[in-house]
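Okay, here's what each chain looks like letter by letter:
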Amino acid sequence: MMLTALGLMSGTSLDGVDVALIETDGKQVKAFGPSGYRAYSPAERNLLRQALSEAVHLPQRDARPGILAEAERAVTRAHAEAVAAFFAQNRLKPEDVDIVGFHGQTVLHRPERRLTVQIGDAPALAKAIHIPVMHDFRAADVEAGGQGAPFVPVYHRALANSLDREGPIVVVNIGGVSNITYIDGNDTLIACDTGPGNALLDDFMYRTMNQAFDAEGKFAALGKADEAWIARALELPFFALPPPKSLDRNDFAALRLGDVAPADGAATLTAFTATAITRIIPLLPRRPRNWIVCGGGARNLTMLRMLRERVGSATVEAAETLGWASDAIEAQAFGFLAARGLKGLPLSYPTTTGVPMPMTGGVIARP
Ligand SMILES: Nc1ncnc2c1ncn2[C@@H]1O[C@H](COP(=O)(O)OP(=O)(O)OP(=O)(O)O)[C@@H](O)[C@H]1O
Ligand SMILES: CC(=O)N[C@H]1[C@@H]2OC[C@@H](O2)[C@@H](O)[C@@H]1O[C@H](C)C(=O)O
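The structure displayed is predicted, hence computed values, not measured ones.

A. Just the site of ligand 1, in detail. The local shell around ligand 1 holds 22 residues, among which T12, G176, D202, E216 and E330 are the closest. At 3.1 Å from an oxygen atom of ligand 1 is found a side-chain nitrogen or oxygen belonging to N173. G296 has a polar backbone atom sitting 2.8 Å from an oxygen atom of ligand 1. Coverage of ligand 1 by the protein amounts to 88% of the 650 Å² it exposes when considered alone. A class-by-class count of the residues in the shell around ligand 1 yields five nonpolar, 11 polar and six charged. Taken domain by domain, the makeup of the shell around ligand 1 includes at least three residues from each of domain 1 (3-150 + 331-365) and domain 2 (154-322).

B. View of the packing of helix α1 (residues 42-55) against helix α2 (residues 67-89). The geometry of α1 relative to α2 is characterised by a closest axis approach of 9 Å and an angle of 135 degrees between their N-to-C directions. Overall, the two elements α1 and α2 adopt an arrangement that is oblique. The crossing of α1 and α2 is left-handed. Packed against α1, whose contacting residues are E44, L47, L48, Q50, A51, E54 and A55, the element α2 presents I67, L68, E70, A71, A74, V75 and A78 at the interface.

C. Spatial organisation of the sheet that holds strand β10 (residues 290-294). Spatial strand order, β9-β8-β7-β10-β11: five strands in an open sheet with mixed pairing. Two strands in the sheet have a free side with no partner beyond their single neighbour: β9 (188-196) and β11 (315-318). Sheet twist, expressed as the average angle between the axes of neighbouring strands with direction ignored, equals 20 degrees. Helix α9 (residues 301-310) contacts β7 (169-174), β10 and β11 of the sheet and is inclined by roughly 160 degrees relative to β11.

D. The arrangement of the packing of aromatic side chains in detail. Taken as a whole and assessed by the stated rule, the structure comprises nine aromatic pairs. Ring centres 6.5 Å apart and planes at 45 degrees place the aromatic pair F86 and F87 in the tilted group. Across the pair, F87 and F86 agree in class, each one buried. For the ring pair F238 and F239, a centre distance of 5.5 Å and an interplane angle of 85 degrees mean the geometry is edge-to-face. F238 sits in the buried class, given a relative accessible area of 12%.

Each value, and the rule that gives it
Residues numbered from 1 in each chain as written. Chains lettered and ligands numbered in written order. Predicted model: local features only at pLDDT ≥ 70, side-chain atom pairs only at ≥ 80, totals over all residues. Heavy atoms only, no water. Near = heavy atom within 4 Å. Polar contact = N/O pair within 3.5 Å; in protein donor to acceptor, adjacent residues only side chain to side chain. Areas by Shrake-Rupley, 256 points an atom, 1.4 Å probe, with all protein chains shown as cover. Nonpolar A, V, L, I, M, F, W, Y, C, P; charged D, E, K, R; others polar. Domains from an automatic or database assignment. Axes fitted to C-alpha atoms, helices over the stretch in contact; angles between N-to-C directions. Helix = DSSP H or I, 4+ residues; strand = E, 2+ residues; numbered from the N terminus. Parallel < 35°, antiparallel > 145°, perpendicular 65-115°, else oblique. Left-handed = near helix turned anticlockwise from the far one by under 90°. Contact = heavy atoms within 4.5 Å. Pairing = 2+ DSSP bridges. Phe/Tyr/Trp six-rings, centres within 6.5 Å; stacked < 30°, edge-to-face > 60°. Buried < 20%, exposed > 50% of the residue type's maximum accessible area, 1.4 Å probe, protein only.

Following this line, the structure appears as structure tokens:
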């Protein structure tokens, strides 16, 4: 049975809420609907940054001490507003949507403690938008001993199935953190986080230039990367681990560049992300032939150039050039995952999160 699923994603970049509609049976995508975006205000972004700092002390996934309760209300409100605006723009009614996939905002990810925390009040959202809301996608996986991330690989596989490309294909998502999905034929699906995405660069641009990000990578293009610094950073044990593996947004936040010219710092952090992504190549079964880049980092032309320089003869394409709605992919993925969850299909596998067996998940809140 085909479902109309609305996916809602608030990623680790803390930039805003992505909204996307798809028609799917949880295996294939029958049609892509419109997508939308509701940016967080500077005040909301600050609140989320504080929530992330306070969340490091959280003992369990449903605790909301201190500022976390306020941040959760803000996340829920922002999502309700995002849906209302999306419905108004696209002349949709609640009856047009069967299920909503609501990721929430990750504030802490510690799979080794069997803990991953996404804030956002699904029952309140379901009541506000009058549609059943699926949430808590990562919880069952982490409880069973999985990494709880990444979860987009099953959706990347569905997208890649309709591509005419020789494998192995790698889909790279460069968000706050970067993750890859390795697809080789019908049987091989391997995934993991690879290291930083844009978060370190965004934080650096904010501190040094008072800008939210390096638009199109123009600033990094003016600088020179410090390869010795990158080589040292890549000695951290995470990078030598084989997949599956996952990260918290702030796992590399303690890395400091020292006293550098801002453009050189931006170049170094951009090259760090690109090099960390390609550091996964020797840990994969075969060398990828096609790299497809999505997420906000695909708009960073310096990042794309640096990736191309590091993958040898393989191709590197921005997902947008294949007709994929790059910015909407994660939101679409959580709509797709909601449809899979409703049907009891696996959301994660031993090769994508390290969970002991293929695992379904998601919890439904009804209006
Ligand atoms: N025009 C642009 N030029 C360069 N970088 C951009 C541009 N637009 C967005 N970005 C980068 O992409 C980031 C947002 O990416 P995205 O929306 O994929 O992240 P996310 O979904 O929050 O993260 P995650 O996938 O880790 O959950 C921004 O913070 C910025 O660094
Ligand atoms: C715990 C968490 O929210 N992780 C995010 C984060 O952002 C990118 C990367 O780290 C990925 O593992 C994941 O998001 C995507 C949507 C995923 O689960 O596939």
